[in-house]
Structures are given as C-alpha cells and as structure tokens.
Amino acid sequence: MTVTDPIPFDNSYARLPERFFARVNPAVREKPVLIRVNEVLAHELGLAPDWLSSDAGLDVLSGRSVADGSEPIAMAYAGHQFGNFVPQLGDGRAILLGEMVDCQGQRRDLQLKGAGETPFSRNGDGQAALGSVLREYVVSEAMAALGVPTTRALAAVATGDPVYREKALPGAVLTRVASSHIRVGTFQFFAAREDTEAVRHLADHVIARHYPSAEGAQNPYLALLEEVIAAQAKLISRWMLVGFIHGVMNTDNMSIAGETIDYGPCAFLDTYDPETVFSSIDQFGRYAYGNQPSIALWNLARLAETLLPLLSENEEAAIAIAENALEDFEPLFQAAYLSGMTRKLGIAKPQDEDAQLASAILAAMAENAVDFTLFFRRLADAIEPGPGEEALRSLFADPSACDLLLQRWRKRLTQEPENAGDRRKRMRAVNPVYIPRNHRVEAMIEAAVEDGDFAPFEELLTVLAKPFEDRLEFNHYENPPQEHERVTATFCGT
Ligand code: AMP
Ligand code: MG
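Conventions we followed
Residues numbered from 1 in each chain as written. Chains lettered and ligands numbered in written order. Predicted model: local features only at pLDDT ≥ 70, side-chain atom pairs only at ≥ 80, totals over all residues. Heavy atoms only, no water. 1 Å grid on protein atoms, 1.4 Å probe; cavity = no way out; pocket = protein on both sides within 12 Å on 5 of 7 lines; lining within 4 Å. Points joined across faces, edges and corners; volume = space filled by probe spheres on them. Nonpolar A, V, L, I, M, F, W, Y, C, P; charged D, E, K, R; others polar. Helix = DSSP H or I, 4+ residues; strand = E, 2+ residues; numbered from the N terminus. Contact = heavy atoms within 4.5 Å.

Participant: I would appreciate a short explanation of empty space enclosed by the protein in the present structure.
Facilitator: Which parts of space are left empty comes out when a probe the size of a water molecule is rolled across the atoms. What the rule picks out here adds up to three cavities of 30 Å³ or more. Its volume calculated, the largest cavity comes out at about 60 Å³. Taken together, Gln 232, Leu 235, Trp 239, His 246, Met 249, Asn 253, Met 254, Ser 255, Glu 259, Thr 260 and Ile 261 make up the lining of the largest cavity. When grouped by side-chain class, the residues that make up the lining of the largest cavity number five nonpolar, five polar and one charged. Reported here for the second largest cavity is a volume of approximately 40 Å³. The wall of the second largest cavity is formed by Arg 135, Val 139, Cys 266, Ala 267, Phe 268, Pro 436, Asn 438 and Val 441.

Right, dumping it as structure tokens:
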C-alpha cells in the first residue's frame, strides 16, 4: 500500500552504493495503536501532527505502509561491543524510512525502531518491547529539553503483537529522528573489509552532510576527524554535567554527528558516585559514569584507525597525524567540562583553580552520598547564609562537610561580585530540577506494560519538557528514590 505523501522525503543515504545497506520494508502489523505523536517535534520538522495521528499516518509510523518517497533501508555497520570487534552488526531491528529537510534546513533521518527483521537481525527478532520504546522516548526527549544533543522521538506505536523476552511483552515501534544514523561502527564496517573506496565515499558523505567546513581544509579527512573529536568532547561533557550514564558506549552506538544515540540501559545519577553502573550487562563497569570520557576517546581512536588510508599514503605518517588529532580530545573535553561546571557553580569567568574547587566539591559529594541534581539546584539558594543552606546541608551524610565547601565556594564568588538574585537565576538556568529519575522511568514503564496506563508516561513527558522550571504541582518529581524505590540495574531490555 502507498499513501499520498505528506512527508517530503529526500534520501541521500539510499543513493550511496548498494553495499552500504539492505533494502527492506518494515513488518506489516495487523492492529497497530498510536501511543503518541510528538507534536512539538512534528512542527519543528514541518510535518502535520494531524496527519501523523491519522490512520494514514499510523500506517506509516507502524510500518504497515511505505509512504511515497520513502526508500526503506537497514544500514550496515560493525562495532566494538564491550571492547570486542564484531565485523557485522547493522540495523537488526531498525529501518530507515528516509531523510527530509526540516524547517531550519537541517537534514534529518526518520527511522522506525522495532520495525521487524532485516538481513542484519542475526539471531534477533527485529522487535522492540514497549518498555524500551517508552524509555527511549522519555529519556531522549528529556535530554533534548536539557539542551544535550540527541536523537529525538517523533512517535510511539503499539504493534499489538507480543515480543518474547524473559516473558511475553507488548511490542512497540519508535519513530526516531536523528541528524543521521551514521556511527563510528559504520566506518569500521568498511575498514574491516579493507574497502577504502567505501570509507572515502562515506567520509565524503559525512563531510557534506555534517561537517561542510571540513571540505575546504587542506586535508578534509583530518578536518573531519578533528570535527568528530570536538563534537564528542562537547557531547560527553554535557553528559557528565547532567549526570547521564549512557550504559552501552559501544562504537556502534556513537554517532558521527555527535548526538546521543541508542538509549538502552541508560540512566541518570541520583547520588553522585563516579563508579555508578546501571547496565545489567556491564559486569566490569566499562561504561561507568566516570569512565565515559576515556571510553569516548577509545572509540574515537577506533574511528581514526578507519581513516588512516585517507590521512596519508604513508602509514607511519597517517598514524602520527591521527595520534596528534586524538591528543586534542582531553583538553577539549576538560575545557568544555570546566566551563559547564563553573556555570553550574554560578561562576562567570572560569579560572584554572576552579578545577580544584569543582574536584573538591565532587569528592565531598561522593563521600557524603549527595544527590547530584539536587545539590546543584539547591546551591543556588545558598549563595548567602539563610534557610536555603539547611536544605543543601541535609543532602550530606555529614552536613559539616557541606559547611567547608560552602565557605570555599562563597569565597570564590566574592571575586565576581554579583547580585545574589541574578546569580541564582543564572544558576537555575543551567541546573535542572527535573531529570528522568530511574525509579520514575521504571514506574512509568510498569504502568504502561502491566496496566496499559499511559498517564504516567504523559505526565513524565510534561514534567521533563521544562526541566529548569520549578512547578509546585510536580514538586515530587524532584525527589530521589526512597530506599524501596531505588533501581540498581536497568536491563538492555530491549
Ligand atoms: P544495541 O545494543 O541496541 O545497540 O544493538 C546492538 C546490535 O544488535 C544492533 O546491530 C542491533 O540492530 C541488534 N539488535 C538488538 N536487538 C535486536 C533484536 N531484537 N532483533 C534484531 N537485532 C537486534
Ligand atoms: Mg545500537
């Protein structure tokens, strides 16, 4: 079935050589039910929410019909999973419907996740469970509202078909929007086959699409590598500043465009502890919160390896060029992180010594099991002595540890005289009050999966759409989990 086209597809990836993907149509569902269309995002894309919510829209969003102009493909990619190279992964349950240019002139991918089997499914069933679709919807939209580059969720649809995991679960399809779905693993796929022509072709595509300024550089492929390194340094700093743990930073889950992608066992920190791991499949803590910058660099080194033949004809020279570029990651990350951290602390003009102040604060937070988000939020109420101080102190196992920090922090603030009200406002604009706390996400999933109740999903989205704005009626959403609510592992549950 074909519908008259309300999505202005223009598919550049499907014009690349055939070995870049497999052409495959989404599975046809008998009785799909629309869960939600993201109207705000639809407007941003220039798509009509009314059409997306219509029967014809539902047919496209569930995979029942292929819209005019759509050229469904599953993309080929490889990847290092927990450090081990797998030469062929690819979209095993995601199908790219195509691309379109949004209202800002930006090209965006529209992809169905959970769209059925593809030639890359290996032993998988090509399906997504409802819980994982809702988690990705909520957390990716929360990240967007927090200002962190990310893929987006345009719609969620219940397939009406069961998905068999540890038990039978309702199935669902997520419509994911990304500036592209090209990953470090996409480059690895071709490099592993020593298909340098394909690597070059892919690099040219990425330069034209994501990093056009690299085109004019003396060595465009080096410029591309440098741009990806810079984008990732910035992205990971943003994760660290909001307490986000990706959970599965495999190279196939690292976007070339520098967006957060693939929300599996992801989670936000409650109490600050750099060793925090939520993923039940990450037994050795490879992807712990505090490891994320070094893992990103490791992944970027894997990307650099794929580009070696393009960097220089001489292999030794190519390696030297790549190593030199990779050396930029650490300082770029540190600069972005420190600048963000000082902003969180209400400091306008960062100094080198602020890194020590930040470290001391984080160390005390770790020692005193302090809630990461609430600490920064409440700090804005403790610029001067007063009742706000007590709310901050109460977050510390030993409140006297807080007094020492406050003293040191306030002393630093005296170097930048500013009205406390103004400073508070600036701090509140960068320190969220609402994050997608794990126990809330789990409770939301349970209500939807067990009871078919989507009210918690809707409310969570409403709360997280304005993460920096205190709203009395949603006050309880700022609270960390109580002991019995604490979630210690999220499943790749998928
Ligand atoms: P992920 O851990 O979600 O990033 O997925 C890693 C790889 O496994 C990708 O190639 C996915 O397409 C594939 N995959 C994950 N779940 C499934 C599934 N249920 N069916 C087929 N392939 C899957
Ligand atoms: Mg993935």
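On we go.
Participant: What exactly am I supposed to notice about the environment of Gly 98 here?
Facilitator: Of note, Gly 98 is situated in strand E8 (residues 94-101). Among all residues touching Gly 98, those that are not within four sequence positions of it are Phe 9, Asn 11, Arg 108, Asp 109 and Leu 110.

Participant: Help me out: how do you make sense of unusual backbone geometry in this one?
Facilitator: Trans is the common state for peptide bonds, and a negative phi is the common state for residues other than glycine. The phi dihedral of Arg 122 falls on the positive side, at around 45°, and the residue is not glycine. By secondary structure assignment, the location of Arg 122 is in the loop between strand E9 (107-113) and strand E10 (128-129). In this model, Glu 194 sits at a positive phi of 50°, which is unusual for a non-glycine residue. With respect to the helices and strands, Glu 194 occurs in the loop between helix H5 (184-192) and helix H6 (196-210).

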